[in-house]
Amino acid sequence: MSARDLPTMDSLELRHYWMPFTDNRRFKAKPRLIAAAKDMHFITVQGERVLDGLATLWCVNAGHSRPRIVETIRRQAGELDFASSFGLGHPLPFRLAERIAALAPPGMEHVFFTNSGSEAIDTAIKIAVAYHRLRGEGTRTRFVGRERSYHGVNLGGTSLGGVRANRRAYAGVLMPGVDHLRHTHEPEKRRFVRGCADQGAELADELEERIIPLHDASNIAAVVIDPVAASAGVLVPPAGYLARLRELCTRHGILLVFDEVITCWGRLGAPFAAQRFGVTPDLITFAKGVTSGAVPLGGVIVRNAIHEAFMASPAAGMEFFHGYTYSGHPLACAAAMAALDTYEEEGLFERAQRLERAFEEGVHSLRGLPQVEDCRNLGLIGAVELAPRPGAPGARGYEAFERCWERGVFVRPIGDTLAFCPPLIAEERHLDELFGTVAAVLKTAP
Ligand code: PLP
């Protein structure tokens with residue numbers, strides 16, 4: 001698209017659209033509008049190119065407007081626009097589920113589709129509770145989340161999540177029966193860690209030392225963890241932490257759910273974080289990169305034994321009273337098949353592995369710049385944390401984001417942390433531009 005073809009802002013009325021997770025007043029006073037996107041770049045309505053340093057919202061793993069995905073969606077819309085999966089069916093979700101099962105850890109061969117990560121988390125909560133009930137352990141209804149984890153915005157995910165700002169206004173309506181493990185970020189003990197820290201696996205022991213003695217394991221359904229907590233500031237787990245959680249959950253009959261909405265589809269150089277860490281959970285939630293962001297789609301992958309418990313239910317009729325009108329939507333499934341084709345044909349998961357070293361160097365090249373308190377990374381997820389300005393937490397991060405944008409690079413501010421998560425098609429020159437721009441901004445930051 002040339003700048004000449006771009007939609008203009010002249011006739012655009014901004015006040016009707018209530019934007020999500022946005023400071024609406026600030027944004028509308030100084031809008032940043034994207035008209036088009038291709039590969040690694042956005043094109044703004046003013047015709048400027050901006051490097052996408054966050055796969056837009058941790059989604060666009062194959063890059064923007066990739067031909068196979070675009071063509072497939074076009075074709076699918078003309079062929080079968082919508083078909084319900086409630087007691088009817090069409091071939092696409094079956095094909096896609098088979099494909100996802102082949103990429104998932106062994107023994108996890110069943111997939112339930114949703115439209116988003118938040119819905120995937122709600123679905124996982126219901127599967128866990130219903131599964132225990134089917135096995136005669138109906139007292140297992142409590143959940144364990146973690147501070148500074150993010151599991152989307154439905155009431156289930158908000159309750160399990162540990163982000164104060166997202167919970168504060170809704171305290172009275174959050175799910176009862178949820179405890180939180182402490183987060184794994186210990187800046188007083190370690191900073192500027194490359195990858196996983198050697199120390200800290202014992203933080204998982206809190207499950208057995210505090211939470212289980214308080215409630216009794218017989219009342220706990222599942223522990224829900226994002227393997228790398230991305231949206232709340234990129235917190236990488238210490239080595240051995242997830243394996244320790246697995247061990248404790250198994251010992252106490254508690255299900256382990258990995259919320260992989262960000263960490264799957266090559267982000268950590270493997271289909272799933274489960275494979276990167278060598279730890280197999282009981283359920284995996286996914287979304288975002290499954291279609292490379294092109295059409296909304298999420299889902300839950302479950303261990304065979306869990307699925308079998310539902311299918312072996314002695315009650316006749318429906319096994320699981322749950323589903324979304326658009327579960328298994330044809331456009332979403334087609335887009336996902338095309339995205340998975342693209343990942344495979346272009347070897348993008350392996351490419352992410354190869355790029356990880358250069359990415360890590362880029363993230364840690366910011367160490368020593370003014371106000372930089374920490375740098376963290378794993379796979380192609382990274383962050384730089386800045387010292388908050390006294391009396392104005394978040395201001396420094398937001399200003400740095402704005403100044404990077406003005407210089408043609410998009411990074412995401414999370415308070416005073418800037419997060420990085422480029423599409424897997426990134427080349428080293430893109431990383432140089434990304435981290436070079438951030439460095440230039442930090443060098444001159446007030
Ligand atoms: N879980 C995790 C780990 C996420 O990062 C997100 C979104 O960023 C979600 C769940 C929610 O996904 P969605 O925004 O698609 O509902």
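The shown structure was predicted, so the numbers you read here are calculated from the model rather than taken from an experiment.

1. Here we look at the overall build of the protein chain
Then, number 1: On a plain count of helices and strands, the protein chain comes out with 15 helices and 15 strands.
Then, number 2: For a compact globule of 446 residues, the expected C-alpha radius of gyration is about 22 Å, and the protein chain comes in at 22 Å, within 12% of that figure.
Then, number 3: For the protein chain, the spread of C-alpha atoms along the three principal axes comes to 65 × 55 × 45 Å.
Then, number 4: Buried positions account for 48% of the 446 residues belonging to the protein chain.
Then, number 5: Across the protein chain, the fraction of contacts at a sequence separation of at least 24, relative to all contacts at a separation of at least 6, is 72%.

2. Describing the sheet that holds strand β12 (residues 381-386)
Backbone-to-backbone hydrogen bonds pair the strands of a sheet. The strands run either parallel or antiparallel.
Then, number 1: Pairing within the open sheet is antiparallel, and its four strands lie in the order β11-β12-β15-β14. Of all strands in the sheet, those bounded by a partner on one side alone are β11 (372-378) and β14 (412-414). Each neighbouring strand pair of the sheet contributes to a mean axis angle of 20°, computed without reference to strand direction.
Then, number 2: As paired strands, β11 and β12 are joined by six bridges and run antiparallel to one another.

3. Details of the sheet that holds strand β3 (residues 49-52)
Then, number 1: One open sheet accounts for four strands, arranged β1-β2-β3-β13; its pairing is mixed. Here the strands that pair on one side only, and so sit at the sheet edges, are β1 (34-38) and β13 (409-410).
Then, number 2: In terms of strand pairing, β3 meets β13 through two bridges, oriented parallel. In the sheet register, Asp 52 faces β13, and the bridge partner there is Phe 410.

4. Looking at the site of the ligand
Then, number 1: Surveying the vicinity of the ligand reveals 16 residues, the closest of which are Ser 116, Gly 117, Ser 118, Gly 152 and Val 261.
Then, number 2: Here the shell around the ligand takes three residues from helix α5 (residues 117-134), the largest share from any one element.
Then, number 3: Its residues placed into classes, the shell around the ligand shows six nonpolar, eight polar and two charged.

5. Observations regarding the environment of Ala 270
Then, number 1: With respect to the helices and strands, Ala 270 occurs in the loop between β8 (255-259) and α10 (273-277).
Then, number 2: Overall, the presence of 22 C-beta atoms within 10 Å leaves Ala 270 in the buried class.
Then, number 3: Separated by 31 residues in the primary sequence, Ala 270 and Ala 239 have C-alpha atoms spaced 17 Å apart.
Then, number 4: Those residues within four positions of Ala 270 in sequence are excluded, and the remaining contacts are Gln 275, Arg 276 and Phe 349.

6. Here we look at the pairing of strand β15 (residues 417-420)
Then, number 1: By the alternation rule, side chains of β15 split into Thr 417 and Ala 419 and Leu 418 and Phe 420, which are all buried.
Then, number 2: Sheet topology places β12 next to β15; four bridges connect them, and they run antiparallel. Bridge assignment links Glu 385 to a residue of β15, and that residue is Thr 417.
Then, number 3: With three bridges joining them, β14 and β15 adopt antiparallel strand pairing. Looking at the pairing, Arg 412 lines up with Ala 419 of β15.
Then, number 4: From the end of β14 to the start of β15, which pair antiparallel, there are two residues, and Gly 415 there has a positive phi angle of about 60°.

7. Concerning helix α4 (residues 91-103)
Then, number 1: In a regular helix each residue adds 1.5 Å, so 13 residues correspond to 18 Å; α4 covers 19 Å between its end C-alpha atoms and thus fits that length.
Then, number 2: Those residues of α4 lying buried are Leu 92, Pro 93, Leu 96 and Ile 100. Taken around the axis of α4, the buried residues stretch over an arc of 90°, which confines them to a single face. The outward face of α4, more than 90 degrees from its buried face, is lined by the exposed residues Pro 91, Glu 98 and Ala 102.
Then, number 3: Of the surrounding secondary structure, the elements contacted by the buried residues of α4 are β4 (110-114), β10 (298-302) and α12 (330-345).

8. Overview of the domain arrangement of the protein chain
Then, number 1: Domain annotation for the protein chain reports domain 1 (3-62 + 347-443) and domain 2 (71-345).
Then, number 2: Centre-to-centre separation of domain 1 and domain 2, based on C-alpha positions: 26 Å.
Then, number 3: Counting residues at the interface gives 30 residues for domain 1, matched by 29 residues for domain 2.
Then, number 4: When residues of the side of domain 1 that touches domain 2 are traced back to their parent elements, those giving at least two are α2 (55-58), α13 (348-364), β11, β12 and β15.

9. Overview of the environment of His 183
Then, number 1: Note on placement: His 183 falls in the loop between β6 (178-181) and α8 (206-215).
Then, number 2: What makes His 183 partly exposed here is the crowd of 17 C-beta atoms within 10 Å.
Then, number 3: Along the sequence, His 183 and Ala 204 sit 21 residues apart, while their C-alpha atoms lie 9.5 Å from each other.
Then, number 4: Those residues in contact with His 183 that lie beyond four places of it in its chain are Arg 146, Glu 147, Arg 148, Gly 162, Ala 229 and Leu 235.

10. With respect to the packing of helix α14 (residues 395-406) against helix α15 (residues 428-443)
Each pair of packed helices can be described by the angle between their axes along with the distance between the axes.
Then, number 1: Interaxial distance between α14 and α15 falls to 9 Å at its minimum, and their mutual angle equals 125°. On the basis of the axis angle, α14 is oblique to α15. Viewed along their axes, α14 and α15 form a crossing whose handedness is right-handed. Two secondary-structure elements touch here, α14 through Ala 400, Arg 403 and Cys 404 and α15 through Thr 437, Val 438, Val 441 and Leu 442.

11. Quick word on the pairing of β8
Then, number 1: Most of β8 is tucked away, with five of its five residues classed as buried.
Then, number 2: Burial along β8 is two-sided: Leu 255, Val 257 and Asp 259 and Leu 256 and Phe 258, pointing in opposite directions, are all buried.
Then, number 3: For strand β7 (residues 220-225) and β8, the ladder comprises four bridges, and the chain directions are parallel. Bridge pairing in β8 links Val 224 to Val 257.
Then, number 4: Taken together, β7, helix α9 (residues 241-251) and β8 form a β-α-β motif whose crossover is right-handed.
Then, number 5: Bridge count between β8 and strand β9 (residues 283-286): three bridges; the pairing is parallel.

Here is what the cut-offs are and how they apply
Residues numbered from 1 in each chain as written. Predicted model: local features only at pLDDT ≥ 70, side-chain atom pairs only at ≥ 80, totals over all residues. Helix = DSSP H or I, 4+ residues; strand = E, 2+ residues; numbered from the N terminus. Rg over C-alpha atoms; globule rule 2.2 N^0.38 Å. Buried ≥ 20, exposed ≤ 12 C-beta atoms within 10 Å, placed from the backbone. Contact = placed C-beta atoms within 7 Å. Pairing = 2+ DSSP bridges. Axes fitted to C-alpha atoms, helices over the stretch in contact; angles between N-to-C directions. Near = placed C-beta within 6 Å. Nonpolar A, V, L, I, M, F, W, Y, C, P; charged D, E, K, R; others polar. Expected span 1.5 Å × (residues − 1). Arc of directions from axis to C-beta. Domains from an automatic or database assignment. Parallel < 35°, antiparallel > 145°, perpendicular 65-115°, else oblique. Left-handed = near helix turned anticlockwise from the far one by under 90°. Right-handed = clockwise from strand over helix to strand, strands pointing away.

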